[in-house]
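Below are the chains, spelled out letter by letter.
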Amino acid sequence: MSLRSKRGRDDATVISVTSAQPGRSEDLESRIFRYAWMMSLRVVCFVAAVITPSPWRWILLVGAVFLPSVAVVLANARRTKEVSGAEVYVPPARPQLGQDHDTEK
């Protein structure tokens with residue numbers, strides 16, 4: 001469950017006013033999800049290694065042995081999202097005072 005749903009916010013579009021990266025909690029949440037997915041794949045490899053015949057068994061066991069190191073590397077890799085910065089504010093053109101509006105008359 002994400003923090004957004006815990007706080008009771010809906011999925012409204014969020015307007016970014018800075019070029020800051022997404023929060024650490026969102027990054028951590030995605031990293032935990034990737035690691036859990038890889039570890040569940042490892043469990044599937046172990047179970048399938050028990051059921052399958054010999055050549056496939058060894059392939060699945062090798063996969064189950066090396067998946068933890070791959071999972072740690074992928075979980076620790078930060079996903080950097082490109083966040084477009086806010087557009088530069090260009091003030092509207094100001095009308096210039098002409099000869100008719102001279103205040104020193």
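Residues numbered from 1 in each chain as written. Predicted model: local features only at pLDDT ≥ 70, side-chain atom pairs only at ≥ 80, totals over all residues. Heavy atoms only, no water.

### Regarding the pattern of salt bridges
Across all of its chains, the model carries one salt bridge by this definition. The salt bridge partner of arginine 31 is aspartate 27, with a shortest N-O separation of 3.4 Å. Of this pair, arginine 31 and aspartate 27 both sit in helix α2 (residues 24-51), separated by four residues, roughly a single helical turn. Take arginine 31 and aspartate 27: they sit in the same class, and that class is buried. (Salt bridge = Lys/Arg side-chain N within 4 Å of Asp/Glu carboxyl O. Helix = DSSP H or I, 4+ residues; strand = E, 2+ residues; numbered from the N terminus. Buried < 20%, exposed > 50% of the residue type's maximum accessible area, 1.4 Å probe, protein only.)

### Remarks on the side chain of threonine 52
Positionally, threonine 52 belongs in the loop between α2 and α3 (54-76). Setting aside residues no more than four positions away along its own chain, threonine 52 makes contact with Arg57 and Leu60. (Contact = heavy atoms within 4.5 Å.)

### Focus on the side chain of arginine 31
Since its relative accessible area comes to 16%, arginine 31 is described here as buried. A polar contact is formed between the side chain of arginine 31 and the backbone oxygen of alanine 75, at a distance of 2.7 Å. (Polar contact = N/O pair within 3.5 Å; in protein donor to acceptor, adjacent residues only side chain to side chain.)

### Details of the UniProt feature "transmembrane region" (unreviewed entry) in the protein chain
Taking the UniProt record as the reference, the feature "transmembrane region" (unreviewed entry) is found at residues 32-52 and 58-77. Across residues 58-77, the secondary structure splits into 95% helix and 0% strand, with the terminal C-alpha atoms separated by 29 Å. (UniProt positions renumbered as here; feature names shortened; annotations may be inferred.)

### A closer look at α3
Side chains three or four residues apart in an α-helix point the same way, a direct result of the helix having 3.6 residues per turn. Between its terminal C-alpha atoms α3 stretches 34 Å, which fits the 33 Å expected from 23 residues at 1.5 Å a residue. By the largest-angle criterion, phenylalanine 66 marks the main kink of α3, which is about 35°, and a proline, proline 68, follows within four residues. Within α3 the residues assigned to the buried category are Ala64, Leu67, Pro68, Ala71 and Ala75. The inward-facing, buried residues of α3 contact α2. (Expected span 1.5 Å × (residues − 1). Bend = angle between axes of the 7 residues up to and from the residue.)

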